[in-house]
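Topology and contacts: notes
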Amino acid sequence: MESIAKAGRVPHCRSNAGLLGLPRPTIIAKVSPSGSRRTIVLSLIITAIATALPTVLSDVVPNKLAKHVLHISIDGLRPPPKLPNYKKLPNFQKLWKKGSCTMNARTDPKSSQTMPVHTSQFTGQFVKDHGMNVDGEFPKKQAPILEKLQGDNIFDLVKAGNKKACMFVSKRKFAVFQVWKGVSSLVHRNKGAQVTGEWLKQKDSCDYSFIHLKEPDSAGHSSNGSNSPEYLKGVEEADRLLGLIFDAVDLMNTIIIVTTDHGFQKDGNHGDETFHENFVIPFCVIGNGVPEGHFIYRMNKGGRQNPYDKMTSEDDAKQPIRCHDAGPLAADALGLLPPSQKSHMNNDLIVTTGSASNGPGLKCKALKTKCSSDTECCSKRCKVKEGKTSGRCKTQKNN
């Protein structure tokens, strides 16, 4: 991606228009009908300042946070701390202690099925908006829906940024996502261990890796619920594979996002999206700039609402953290620009500290338009408090 200085862009705070519906203010230097000299001079001054700002702030607002992003979706995973075998899950414990997490995220209000919700993860859109409501392996029905999302998904954004996006999946039905031009490679294997092994071979060549592990979901279906020893063994296998991934990455230049598409009922399956055990899911982030042991809801008090035990709606004024945040967050961590201001691929989720080298969601990002001031952008959109600035975001070093 071209640098901020070369691109001639100015700081802009990324807001997720899809989830929060926040407008993006823009400076527009207007010349009055009379064309007065004072107005023209003011317009030229504003233009000059706007042109100069990117060079001044290019080392303050970095183009990217991470060299690599791993987006791991563990199919059918209930929040691990709520499981009776949590003490046998050292890598989920590491994720909880060393990353920033919530065990009270949400899947989609209208679906708790694999294909619809993963489409939401890749696009940041609700199922009712993107229209992929067909689960299973039905490419003739699914491909036309996905074609309409061409260019506005994490894979296509990665390609547009001259980077490589890879898929490593344990269910064959994911093959239909290859209709998106940004999917550089897709590897399907039947077991999570095989999927992880393939990723280990190719990891250095992929800027964005989507890794799908099916073990909890498959075990839940075969044993009729998440209350079974088989399901718990499936989670333990996912934990083991997560450990292999942790051991293979450098967290100083990598962001790992771990979530799921849905939970799983203790007795039954995950087909009913209104059932508590199906819609309550984990969402964790670990890696460069992500503080240890933080609760993501506390980091996002201004923009997100912890739903506690409630089911949520697309129409809620403040949305919970959802698995839908994974794709937009991955794009943000790689410094990728969404295709438009209205794109759901814009990210507003805060997961990092406010240092000059970190911060999706914390900074006024370099997009094509700008806020009326750096302070307004940060204070109204990112809700960041730095030092004694009374909620106003500093324009130097710590914004």
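Just so we're clear, the structure is a prediction, and the values are computed from it rather than from any experiment. Every chain's residues receive numbers from 1 upward, in the order its sequence appears when written. Given that this is a predicted model, residues contribute local features only at a pLDDT of at least 70 and side-chain atom pairs are listed and counted only at 80 or more, while totals for whole chains, interfaces and linings are drawn from all residues. To obtain the side-chain values, all non-hydrogen atoms of the structure were used and water was disregarded.

Turning next to the overall build of the protein chain. By the criteria applied, helices consist of DSSP H or I runs no shorter than four residues and strands consist of E runs no shorter than two, each listed in order from the N terminus. What the protein chain contains, in helices and strands, is 15 helices and 10 strands. Evaluated residue by residue, the protein chain yields a buried proportion of 58% over its 399 residues. Contacts were defined at the residue level, with two residues in contact if any of their heavy atoms lie within 4.5 Å. Excluding contacts between residues fewer than 6 apart, the proportion of contacts in the protein chain whose partners are at least 24 apart in sequence is 72%. Residue-level accessible areas treat just the shown protein chains as cover; the underlying method is Shrake-Rupley with a 1.4 Å probe. With the model as given, the accessible surface of the protein chain reaches about 16600 Å², and the carbon-plus-sulfur share is 52%. Summary of the burial criterion: residues with accessible area below 20% of their type's maximum are buried, those above 50% are exposed, and those between are partly exposed, where the area comes from a 1.4 Å probe applied to protein chains only.

Glancing now at the environment of K110. Relative to the elements of secondary structure, K110 occurs in the loop between β3 (100–106) and α5 (114–123). Judged by its relative accessible area of 47%, K110 is partly exposed. K110 sits 202 residues away from T312 along the chain, and the two C-alpha atoms are 10.0 Å apart. Those residues in contact with K110 that lie beyond four places of it in its chain are E273 and E314. Pairs of N or O atoms within 3.5 Å make up the polar contacts considered here, provided that, within protein, one atom can donate a hydrogen while the other can accept it, and that residues adjacent in sequence are counted only when both atoms are side-chain atoms. Within polar-contact distance, the side chain of K110 engages the side chain of E314 at 3.0 Å.

Each aromatic ring pair is characterised by the separation of its centres together with the angle its planes make. Aromatic pairing here means that ring centres of Phe, Tyr or Trp (its six-membered ring) are within 6.5 Å. Orientation follows from the plane angle: under 30 degrees is stacked, over 60 is edge-to-face, and everything else is tilted. Counted under the stated rule, the structure contains 11 aromatic pairs. Through pairs of rings, three or more aromatic residues link up here, namely F122, F155, F174, F177, W180, Y208 and F210. A cation sits over an aromatic face here: K141 above F138, 5.7 Å from the ring centre. When the NZ atom of lysine or the CZ atom of arginine is within 6 Å of a ring's centre and also within 35 degrees of its normal, the charge is said to sit over that ring.

Attention shifts here to the packing of helix α9 (residues 192–202) against helix α11 (residues 229–248). All axes are obtained by fitting lines to C-alpha atoms, using only the stretch in contact for helices, and the reported angles, taken between N-to-C directions, cover 0 to 180 degrees. Look at α9 against α11: their axes get within 10 Å of each other, and the N-to-C directions meet at 10°. Relative to α11, α9 is oriented roughly parallel. Here G192, A193, T196, W199 and L200 of α9 lie close against α11, whose contacting residues are E237, R240, L241, L244, I245 and A248. Within the contact of α9 with α11, the residues separate by chemical class into seven nonpolar, two polar and two charged. Geometric relationships in this document are graded by angle, where less than 35 degrees denotes roughly parallel, more than 145 denotes roughly antiparallel, 65 to 115 denotes roughly perpendicular, and other angles denote oblique. In this count, Pro and Cys sit with the nonpolar residues alongside Ala, Val, Leu, Ile, Met, Phe, Trp and Tyr, while Asp, Glu, Lys and Arg are called charged and the others, Gly among them, polar.

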